[in-house]
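A look at the structure
As a plain string of letters, each chain reads:
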Amino acid sequence: MPEVFVEKVADFAEGDRRIVFHDGSEIGVFHWQGEFYAYENSCLHQGGPCCEGVIMHKVEDVLAPDKTWLGQRFSADEAHFVCPWHGYEYDIKTGECAGNRNLRLKSYQVVRRGADLYVITG
Amino acid sequence: MDLQGNQFQRMSVEEFDTTKLLAHASKQARERGYEKFPIVDVDSHHYENESMAEILDYLDDPVLRQLALAGSRPNAKNARILNTMVGYQDMGGRIPRYGLRNYEKTPPGKHQRDTALTKRWMDAVGVDIAVLFPTPMLALGVHPQVEVEIALSRAYNRWLCERVLAHEPRLVSMLYLPFNDPDATYQFVKEFGEKKGVVGFLITSTRYRPVHANQYMKTYALLEEMGKPIAFHGSYHWHDQGQGMLNRFISVHALGFVWYNMCHLANWIINGLPERFPKLKVMWLESGLAWVPFMMQRFDNEYMMRTSEAPALKRLPSDYMRDMYFASQPMEITDHGLLRETFRVINAETQLLYSSDYPHWDFDLPSTIYDLPFLSETAKRNILGGNAIRLFNLKVGVEKLAQIA
């Protein structure tokens, strides 16, 4: 099964990411909250390097029980990486586009082999 | 600190580079064969505030120049001559090129910095010729001092002509008109109309002067005689009472950039200016396209009932709009069915002009046009370049000017 070496697990810090190449494509690999996630580094909007953008937690409205608006906060659970070209946001754990959950980046399986980390490309 | 990037493009903050940021755009350009035809971008920007020290050398009024120079010192605090707007174009840091552009290096002495940075993104995306416009000065039309609008825009125009356009054939511009003063507006056309690289004139739409005022007729007549287009460039204005109803920048941006152009277009047509100046070429910039079929339907429907209020018209309002030119960006692409109908009703193959708006946050690449499934190859090439070449009478040879990376 085709695979691409990403990094030594020990050298891939929590919160960090890598971009690897395979057959003309770029794959972004994230280390987030103890898990590894990999997506095609091509924004569904205009093809920007979406996996290379800033990581920001989802912004949420805070409503009272009577539906009045109290303010905003950053989500404690959901984080997004943001395409640096135009701002399309993607859920780091699913690759779903935050603005339209029907849209999703192509994802790849990430596996550990001993001390090494690989992305399955086939 | 390192910016994220692949193993070849990785760069530190200090090494921020547009060519690397746009590497995927260069790949698109190669894959789509942009080297085979010219691409003209009719609405792009630079940040003239970063060249303000040079621009102020062209400001004649010694008192205003002293005020401006005092305001541009690092410790000037609240002293400034250029009005600014509340806004969040960089999305709270989500669009990093806003904060990083000051770190980008350009070759010393070879080009004026604006020219070097502009050519860098043009080469990356495959644009051969760009129509260049300012950024903060898009709000100058609501500056409280008309004399400042005139003085600053004249200094800017002189600087742009002498320091940029005179030296770089791939850059042209439609020069700023100080529309709050009709006489100065006329004088600007006379003064700058024949300068190298001046392909038309620009009205920043965010202002409160009606385009049908009699004082402007001599300017329209002059532009018609010269064959130079007049363009209206959208922007927002959160201090406008109407837009003050909106609590998020997304709303102000989405509505503000079409609001003023809707007003100006309504006045332009209902007051019969297309009948008075039938050969004057009129363009609408940075309002996207979705507003155009709305205006066509709305005004055709009302005109059929209230014909007496627009006695100068000999055709439907939409017929006059089909004679106008529209820049594509920010093109609403989420519904291809609606977009296709929009292209049909505006006669896109001859009237639509590709624009990027680069480096602003909602820029469009040429692929937004080239990848549309309902366009022929001929239509794509007309919209991406051919229409602009004919409209502006650009001299473009067979050689591709953009050095696609």
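Presented here is an overview of the structure given in this document. (Residues numbered from 1 in each chain as written. Chains lettered and ligands numbered in written order. Predicted model: local features only at pLDDT ≥ 70, side-chain atom pairs only at ≥ 80, totals over all residues.)

Brief notes about the sheet that holds strand β8 (residues 282–285) of chain B
All names here are of chain B. For the record, the criterion: At least two DSSP bridges between two strands are required for those strands to pair. Secondary structure elements are taken from DSSP: a helix is a run of H or I of four residues or more, a strand is a run of E of two residues or more, and numbering for both begins at the N terminus. Placing a C-beta atom from the backbone of each residue, one calls two residues in contact when those atoms lie within 7 Å. To obtain each axis, a line is fitted to C-alpha atoms, and for helices this fit is confined to the stretch in contact; angles are then taken between N-to-C directions over 0 to 180 degrees.
In spatial order, the strands read β3-β4-β5-β6-β7-β8-β9-β10; together these eight strands make up an open sheet with parallel pairing. Strand pairing shows two members of the sheet lacking a second neighbour, β3 (40–45) and β10 (352–353), which therefore form its edges. Inspection of the sheet shows strand β6 (residues 198–204) paired to strand β7 (residues 230–233) by four bridges, in the parallel sense. Looking at the pairing, Leu202 lines up with Ala231 of β7. Of the strands in this sheet, β5 (171–176) and β6 touch helix α7 (residues 146–165), which is tilted by about 170° from β5.

A few points about the nonpolar core
Our working definition: Each nonpolar core consists of buried Ala, Val, Leu, Ile, Met, Phe, Trp, Tyr and Cys residues. Their C-beta atoms, within 7 Å, join them into a set. Counting other C-beta atoms within 10 Å of a residue's own tells you its class, since 20 or more makes it buried, 12 or fewer makes it exposed, and anything in between is partly exposed; those C-beta atoms are placed from the backbone.
Of all hydrophobic cores here, the largest spans 103 residues; its most connected members are Val125, Leu202 and Phe326 of chain B. Counting residues per element, this core draws most heavily on α7 of chain B, at 10 residues. Among all residues touching Leu202 of chain B, those that are not within four sequence positions of it are Phe133, Met174, Leu175, Tyr176, Leu177, Ala231 and His233 of chain B. Ranked by size, the runner-up nonpolar core spans 27 residues in total, among them Val6, Cys50, Cys83 and Tyr90 of chain A.

As for the interface of chain A and chain B
Interface size is commonly expressed as the accessible area that is lost once the parts come together. The condition that has to hold: Residue classes follow a fixed rule: Ala, Val, Leu, Ile, Met, Phe, Trp, Tyr, Cys and Pro count as nonpolar, while Asp, Glu, Lys and Arg count as charged, and any other residue, Gly among them, counts as polar.
Counting residues at the interface gives 15 residues for chain A and 16 residues for chain B. For the side of chain A that touches chain B, the per-class residue count stands at six nonpolar, six polar and three charged.

Focus on the sheet that holds strand β10 (residues 107–113) of chain A
Through backbone hydrogen bonds, the strands of a sheet pair up, either in parallel or in antiparallel fashion. Residues and elements named next belong to chain A. The six strands lie next to each other as β1-β11-β10-β4-β3-β2, forming an open sheet whose pairing is antiparallel. The open sheet has two edge strands, β1 (3–8) and β2 (17–22), and neither has a second partner. Each neighbouring strand pair of the sheet contributes to a mean axis angle of 30°, computed without reference to strand direction. Summarising the sheet, strand β4 (residues 35–40) and β10 pair through two bridges and their orientation is antiparallel. By the bridge assignment for β10, Tyr39 is matched with Ser107.

Quick word on unusual backbone geometry
Excluding glycine, residues mostly have negative phi values, and the peptide bonds linking residues are mostly trans. Residue and element names in this part refer to chain B. For the bond running from Gln329 to Pro330, omega is -10°, close enough to zero to count as cis. Within the element layout of this structure, Pro330 appears in the loop between β9 (325–327) and α14 (336–345). Of the consecutive residues Tyr358 and Pro359, the connecting peptide bond is found in the cis state with omega at 10°. Look at Met91: it is not a glycine, yet its phi comes out positive at around 55°. Following the sequence through the fold, Met91 ends up in the loop between α4 (62–71) and α5 (97–100). Overall, Met91 belongs to the partly exposed group, with 18 C-beta atoms counted inside 10 Å. The backbone of Asp357 shows a phi angle near 70°, a positive value even though the residue is not glycine. Here Asp357 lies in the loop between β10 and α16 (367–370).

Things to note about helix α17 (residues 377–392) of chain B
Residues and elements named next belong to chain B. We count it as follows: Between the first and last residue of a helix there are one fewer steps than residues, each counted as 1.5 Å, and that sum is the expected span. Bending is quantified residue by residue as the angle between axes fitted to the seven-residue window ending at that residue and the seven-residue window starting at it.
With 16 residues, α17 extends 22 Å between its outermost C-alpha atoms, agreeing within 8% with the 22 Å of an ideal straight helix rising 1.5 Å per residue. Taken as a whole, α17 carries its principal kink of about 60° at Ile383. Where α17 is buried, its residues meet β3, β5, β6, α15 (348–351), β10 and α16. At the exit of α17 stands Asn393, carrying a positive phi of roughly 55°.

Quick word on the packing of helix α10 (residues 249–270) of chain B against helix α12 (residues 291–305) of chain B
Two measures define how a pair of helices packs: the angle their axes make with one another and the distance between the axes. Residue and element names in this part refer to chain B. Here is the rule: Roughly parallel here means an angle under 35 degrees, roughly antiparallel means over 145, roughly perpendicular means 65 to 115, and every remaining angle is called oblique. Each crossing gets its handedness from the near helix: less than a right angle anticlockwise from the far helix is left-handed, clockwise is right-handed.
Close contact between α10 and α12 brings their axes to 11 Å; oriented N to C, the two are set at 40°. When the axes of α10 and α12 are compared, the pair comes out oblique. Seen from above, α10 lies across α12 with right-handed handedness. Between α10, through Val258, Met262, Leu265 and Ile269, and α12, the contact on the second element is made entirely by Trp291, Met295 and Phe299.

Comments concerning the pairing of strand β11 (residues 116–120) of chain A
Residue and element names in this part refer to chain A. Across five bridges, β1 lies against β11 in antiparallel orientation. Across the sheet, Glu7 pairs through a bridge with Leu117, a residue of β11. In this sheet, β11 lies alongside β10 in antiparallel orientation, the contact comprising five bridges. What sits directly across from Arg112, in β11, is Leu117. Connecting the antiparallel pair β10 and β11 is a turn made up of two residues, with Gly114 showing a positive phi of about 65°.

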